[in-house]
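# Report on the structure
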Amino acid sequence: MSARPAAPAASAALSAASADPAPGATDGPLPVLGRDVLVPLVTGGEVTYAALDYAASAPALQRVWDDVAAYAPYYGSVHRGAGYLSQLSTDLFENSRAAVARFLGCRDEDQVVFTRSTTDSLNLLASALPHGTRVFVFETEHHASLLPWQQRAGVDVTYLGAPRAPEQAVEALERALAAREPYGPALVCVTGASNVTGELWPVRELAAAAHARGARIVLDAAQLVPHHPVDIGALDVDWVAFSGHKLYAPFGSGVLAGRADWLRDAEPYLAGGGASRTVSRRADGGVDVDWHTTAARHEAGSPNVIGVHAIASACKALTEAGFDALVAREQRLLARLREGLARVPEVKVLSLFGEDAPRVGVISFVVEGWNSSHFAAALSAEYGIGVRDGLFCAHPLVRTLLGGEPEPPGECGAPDAAPGEPSLNAIRVSFGAGTPDEHIDRFADAVQQLVRDGARWSYRTEDGRCVPDRGTTVA
Ligand code: PLP
C-alpha cells in the first residue's frame, strides 16, 4: 500500500489488505478495538472496560480498522471523479457491494443497497411498498421494524400479538394472512434474533408461511448477522436489513439486500445526484428525470465509502474466522453466563419462548428489589462493566415480558418495585466475537456481589440517567 500503483493494481493491493487471514477459528476472541481500554472505578483504581453492550453497538474488529486505515490514504469520491483515487474508490465501493452479496448468499437478481443503518433500510423498503400493500408485523419487533410501515399512506398494517413459542408465531401469521385474503401485495416483517431476549425466530418457517399465501418477507437481521450466518436464498426471505455498527464495523453504514423489483419501481428514497441517470429541461420549464434502476436509485448523494468498505471487511473477517467456530464459542460463553445468573435467585431472565429456546449472546433480566438503572450504573461505576438498561426500543415486547406497564424509571437508588410487583425496566447484557471469557466471569461475579452486598456507592438521577453521586464516600 505504500507505492502508488496503477489503478487495477491498487485495487488488488486493497483487496489484499482485506484478504489477510482473520485471526479466528480458535476458541479465543477476535481482536477488537478498545480491548485494553482502562476505565476508572468510582471506588478507586482502574480496570479494563468490559464492553457487554454489543447488541447496541459492537466494537470494531481490529481487522476492520486496519482495512479502513489501509484505504484511508486512497480515499476519494465515488462514481464521480476522473482521477485515480476516484476510480479506486469506486472500485472499492462496488467490490464491497459484491462482498456483501456473497456474505448474504444473494441471488443473481438481488440488489444490495447501502444505507445508513437497519432503521434506514427498513424505512427505505417501507417507502418502496406498492400502493395498497398489507404489512404483517409482530408487536414484539424492535421499533425500527415495527414503526416504518404505518408511516406510509396506502399501507395497511396488521400487528400480531406476542407469540409464546416459535410454532405459535408461524400459526399466528398463517391465521392472519388467511383472514385477510384476498389481498394484493403483502409483506411480513420479522426479526431474526430479538434485541431483548436474544431468542431466534423461526425465519425459514415464517418465510414459507408468507410465500404460501403470496406475501413477501423482510428479515430484520440487525441482531442475527453478527452471530449467525444469514443466507438469503437458504432462508428464502425476500430482503435482509442490517447495520454495520452491530457487525463490528461502526462507520455509519447499513444494508438492504434482496428483490430488485419493488425497489426498481419505487420513487427514489432520496432525490439527488447519483440516483439520476439524466436530468433534462422540459419545454414548459420543468425537468424530466431518468432515475437509475440499479441500487444507485436509492443511494443519492455522496456515499459513505469508508462505512461500506468497513462492512465488507467485517463480512470477510467473520466468514474467514468461520461461523461454526464463532457460534460454538458464543454458545459456550452463553452457557457460562446463564450458569452465573442462575446462581442468583433474585435474577429473572426475560424470555418469550421459554428457558431453553435457542438464542444469541443477548440476555435481558431484572433483579428483584433493584431498580434496573441503579443496577446497571453500579455495574459500570464499581466494576467497569458496560451493559444497557431500559426498554431497548421494543416497548411492547418489554411490556409483555415484564408483565406490567413499564414507565420511565423513577429515582435510581430507590427500589424498582416492591417484592412481587413487576419491574419497570430491564438490564441487558450482550456480547459477541470480541468478548473474552474474563468479561463474562467478571459480569457474573459482579451480579452476585451486588445482589449479596449491595452497591458500595450512592447514586442519583441526573438528566434521566442514574449516575454515581460524586460527593458520597464509599459505604
Ligand atoms: N432491529 C433490531 C433487532 C435492533 O436491535 C436494532 C438496534 O438495536 C435495530 C433494528 C435498529 O438498528 P439501527 O439503530 O442500527 O438502525
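About the cut-offs
Residues numbered from 1 in each chain as written. Predicted model: local features only at pLDDT ≥ 70, side-chain atom pairs only at ≥ 80, totals over all residues. Heavy atoms only, no water. Pairing = 2+ DSSP bridges. Helix = DSSP H or I, 4+ residues; strand = E, 2+ residues; numbered from the N terminus. Axes fitted to C-alpha atoms, helices over the stretch in contact; angles between N-to-C directions. Contact = heavy atoms within 4.5 Å. Parallel < 35°, antiparallel > 145°, perpendicular 65-115°, else oblique. Left-handed = near helix turned anticlockwise from the far one by under 90°. Nonpolar A, V, L, I, M, F, W, Y, C, P; charged D, E, K, R; others polar. Buried < 20%, exposed > 50% of the residue type's maximum accessible area, 1.4 Å probe, protein only. Polar contact = N/O pair within 3.5 Å; in protein donor to acceptor, adjacent residues only side chain to side chain.

### Considering the sheet that holds strand S4 (residues 111-115)
A sheet is described by the order of its strands in space; here 7 strands give the open sequence S4-S10-S9-S8-S7-S5-S6, paired in mixed fashion. In this open sheet, the two edge strands, each paired with only one partner strand, are S4 and strand S6 (156-160). The mean angle between the axes of side-by-side strands here comes to 20°, regardless of whether they run parallel or antiparallel. Of the strand pairs in this sheet, strand S9 (residues 239-243) and strand S10 (residues 254-258) are connected by 5 bridges, and their pairing is antiparallel. For tryptophan 239, the partnering residue across the bridge sits in S10 and is glycine 258. Each of strand S5 (134-138), S6 and strand S7 (186-191) is contacted by helix H6 (residues 166-180), which is oriented at about 155° to S5, the strand it contacts most. Most of the contacts of helix H7 (residues 203-212) go to strand S8 (residues 216-220), to which it runs at about 155°, and overall it touches S5, S7 and S8.

### With respect to the packing of helix H2 (residues 62-71) against helix H10 (residues 305-321)
Where H2 contacts H10, the two axes come as close as 9 Å, and the packing angle between them is 140°. On the basis of the axis angle, H2 is oblique to H10. Classified by chirality, the crossing of H10 by H2 is right-handed. Residues Arg63, Val64, Asp67, Val68 and Tyr71 of H2 touch H10, and the partners they reach there are Val305, Ile306, His309, Ala310, Ser313, Ala314, Lys316, Ala317 and Glu320. Classifying every residue of the contact of H2 with H10 by side-chain character gives 8 nonpolar, 2 polar and 4 charged.

### Remarks on the environment of threonine 191
In this fold, threonine 191 is placed in strand S7. Taking the relative accessible area as the measure of exposure, threonine 191 reaches 8% and is therefore buried. Taking C-alpha positions, threonine 191 is 9.6 Å from alanine 241, a pair spaced 50 residues apart along the chain. A polar contact of 3.5 Å, which involves the side chain of threonine 191, links it to the backbone oxygen of aspartate 220.

### Quick look at the sheet that holds strand S17 (residues 426-430)
Remark on secondary structure: sheet strands pair via backbone hydrogen bonds, oriented parallel or antiparallel. Overall, antiparallel pairing links the 4 strands, which are arranged S13-S14-S17-S16 in an open sheet. This sheet does not close on itself; its edge strands, each paired only once, are strand S13 (347-349) and strand S16 (388-390). Across this sheet, the average inter-strand angle for adjacent strands is 35°, counted without regard to direction. Bridge count for S13 against strand S14 (residues 362-367) is 3 bridges, and the pairing is antiparallel. Looking at the pairing, valine 349 lines up with phenylalanine 365 of S14. Relative to the sheet, helix H11 (residues 323-342) contacts S13, S14 and S17, its axis offset from that of S14 by approximately 5°.

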